[in-house]
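Secondary and tertiary structure notes
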Amino acid sequence: HTAQEMSAGDFLATQRSVYVHYVPRRELTKPDRELLEAVGGAADRARLWPQFRTARPGYHPWYLTEGEARLLRHCFRVMVWLCAQWEKTSPTCFWEGEELYPLIETAGAGEEGLAQYRVRMIKAPQATVPEPALPALDQARLGRALRCSRREIILEVDHFYGAGMIGQNNERKACARLALAVDADTGLVFPPEIDMPEAATGQMLADVLFGAMEAGKLIPRRVHVRDPDHRLLLQPLADALGFTLAVQRRLPALDSAKSGVLG
């Protein structure tokens, strides 16, 4: 929606979809082939074969659950209806308005009780952003941090996803998720915080900051973050320890370390 550049990991972190795509037979897994055989298969000479997948935020695509399969079946019915409308009108009419998006809605039951649909042109929908959860500050770690010396350094802090797969062969693969704290002047990378996609962002940011202060035996003068939400999440820790938080569009030291990790 924003046309911002996005890494493969960040794309997977925001992706929620149920879909089918078509692949050469050699790319089908054993469960894919068993599913196709169970439902009637495909022509032996078919060049491309259907492969059904679902994507959840922070995870790589995986096989469908029964509920997801029912949802995808419903989507197929809608797509068949939409293709039938193209016989009556030009499909380009759905894309003529600037920033308008065709939303398909159910419109009651038609012949033989089958659902009927209508198209309504709306502004492109934006994802609902949940209210971020403030981190729980570990009082023992807070006490240890307060005994550290205050240093005139700036730390850059952020978290991100990598496209690497984490998980065993028979389970949905998680994306690698890391939080980093980096000295803005020297580029020194403190111990990273690694967690699952479901982990609270605020907790990861707080924990990686605690880890940096414990490793360096210091309290930084300033901490720079890229996202205004991250500033809100870290504000209780900043108030408790007396450092300044600032939002910066560029975090050059952290981005350099991030490129190294992703590479």
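Just so we're clear, the structure is a prediction, and the values are computed from it rather than from any experiment. (Residues numbered from 1 in each chain as written. Predicted model: local features only at pLDDT ≥ 70, side-chain atom pairs only at ≥ 80, totals over all residues. Heavy atoms only, no water.)

Things to note about unusual backbone geometry
- At E99, a residue that is not glycine, the phi angle is positive and equals roughly 60 degrees.
- The backbone phi angle of K217 is positive, close to 50 degrees, even though this residue is not glycine.
- Within the element layout of this structure, K217 appears in the loop between helix 5 (201–216) and strand 9 (218–219).
- Judged by its relative accessible area of 58%, K217 falls in the exposed class. (Helix = DSSP H or I, 4+ residues; strand = E, 2+ residues; numbered from the N terminus. Buried < 20%, exposed > 50% of the residue type's maximum accessible area, 1.4 Å probe, protein only.)

Section: the pattern of salt bridges
- One pass over the structure, following the stated rule, counts twelve salt bridges.
- Between R120 and E105 there is a salt bridge whose closest N-O contact spans 2.8 Å. Residue R120 is located in strand 4 (residues 115–123), and its partner E105 is located in strand 3 (residues 100–109); the two are separated by 15 residues in the primary sequence.
- Accessibility expressed as a relative area gives 40% for R120, which makes it partly exposed.
- One continuous salt-bridge network, built from bridges that share partners, spans R141, R144, D207 and E214. (Salt bridge = Lys/Arg side-chain N within 4 Å of Asp/Glu carboxyl O.)

Observations concerning the nonpolar core
- One finds V157, L209, V223, L237, L241 and F243 to be the most contacted residues of the largest nonpolar core, which totals 28 residues.
- Counting only elements with at least two residues in this core, the list comes to helix 4 (139–146), strand 6 (154–166), strand 7 (174–183), helix 5, strand 9, strand 10 (222–225) and helix 6 (228–241).
- With eight residues, the top contributor of residues to this core is helix 5.
- Excluding residues that lie within four positions of it along the chain, V157 makes contacts with L180, A181, L205, V208, L209, V223, H224, V225, L251 and L254.
- Ranked by size, the runner-up nonpolar core spans nine residues in total, among them F160, L178, V182 and L254. (Core = buried A, V, L, I, M, F, W, Y, C linked by side-chain atoms within 4.5 Å. Contact = heavy atoms within 4.5 Å.)

Observations concerning the confidence of the model for the protein chain
- Averaged over every residue, the pLDDT of the protein chain is 88; the share at 70 or more is 94%.
- When mean pLDDT is taken per element in the protein chain, strand 10 scores highest with 97 and strand 3 scores lowest with 82. (pLDDT = per-residue confidence, 0-100.)

Describing the pairing of strand 11 (residues 244–247)
- Sheet topology note: the strand 10/strand 11 ladder contains four bridges and is parallel. Considered in strand 11, the bridge of H224 is made with A246.
- Between strand 10 and its parallel partner strand 11, the chain crosses via helix 6, and the hand of that crossover is right-handed. (Pairing = 2+ DSSP bridges. Right-handed = clockwise from strand over helix to strand, strands pointing away.)

Concerning the environment of A246
- Here A246 shows up in strand 11.
- For A246, a relative accessible area of 9% gives the class buried.
- Separated by 20 residues in the primary sequence, A246 and R226 have C-alpha atoms spaced 8.5 Å apart.
- Beyond its immediate sequence surroundings of up to four residues, A246 is in contact with R222, V223, H224 and V225.

Some details on the side chain of D158
- Within the secondary structure, D158 is located in strand 6.
- Taking the relative accessible area as the measure of exposure, D158 reaches 6% and is therefore buried.
- One polar contact links D158 to R226, side chain to side chain, over a distance of 3.3 Å.
- Leave out the neighbours within four places in its chain, and D158 touches L178, A179, L180, L205, R226, H230, L251 and L254. (Polar contact = N/O pair within 3.5 Å; in protein donor to acceptor, adjacent residues only side chain to side chain.)

A word on the packing of helix 4 against helix 6
- One way to put it is that helix 4 packs onto helix 6 with a least axis distance of 10 Å and a crossing angle of 45 degrees. It follows that helix 4 is oblique to helix 6 by the angle criterion. Considering only the axes of helix 4 and helix 6, their crossing is right-handed. Along its contact with helix 4, which presents L142, A145 and L146, the element helix 6 presents L237, A240 and L241. (Axes fitted to C-alpha atoms, helices over the stretch in contact; angles between N-to-C directions. Parallel < 35°, antiparallel > 145°, perpendicular 65-115°, else oblique. Left-handed = near helix turned anticlockwise from the far one by under 90°.)

Quick notes on helix 4
- Of all the positions in helix 4, only R141, L142 and A145 are classed as buried. One side of helix 4 carries all its buried residues, which in axial view fall inside an arc of 105 degrees.
- Its side-chain oxygen placed 2.9 Å from the backbone nitrogen of A140, D138 serves as the N-cap of helix 4. (Arc of directions from axis to C-beta.)

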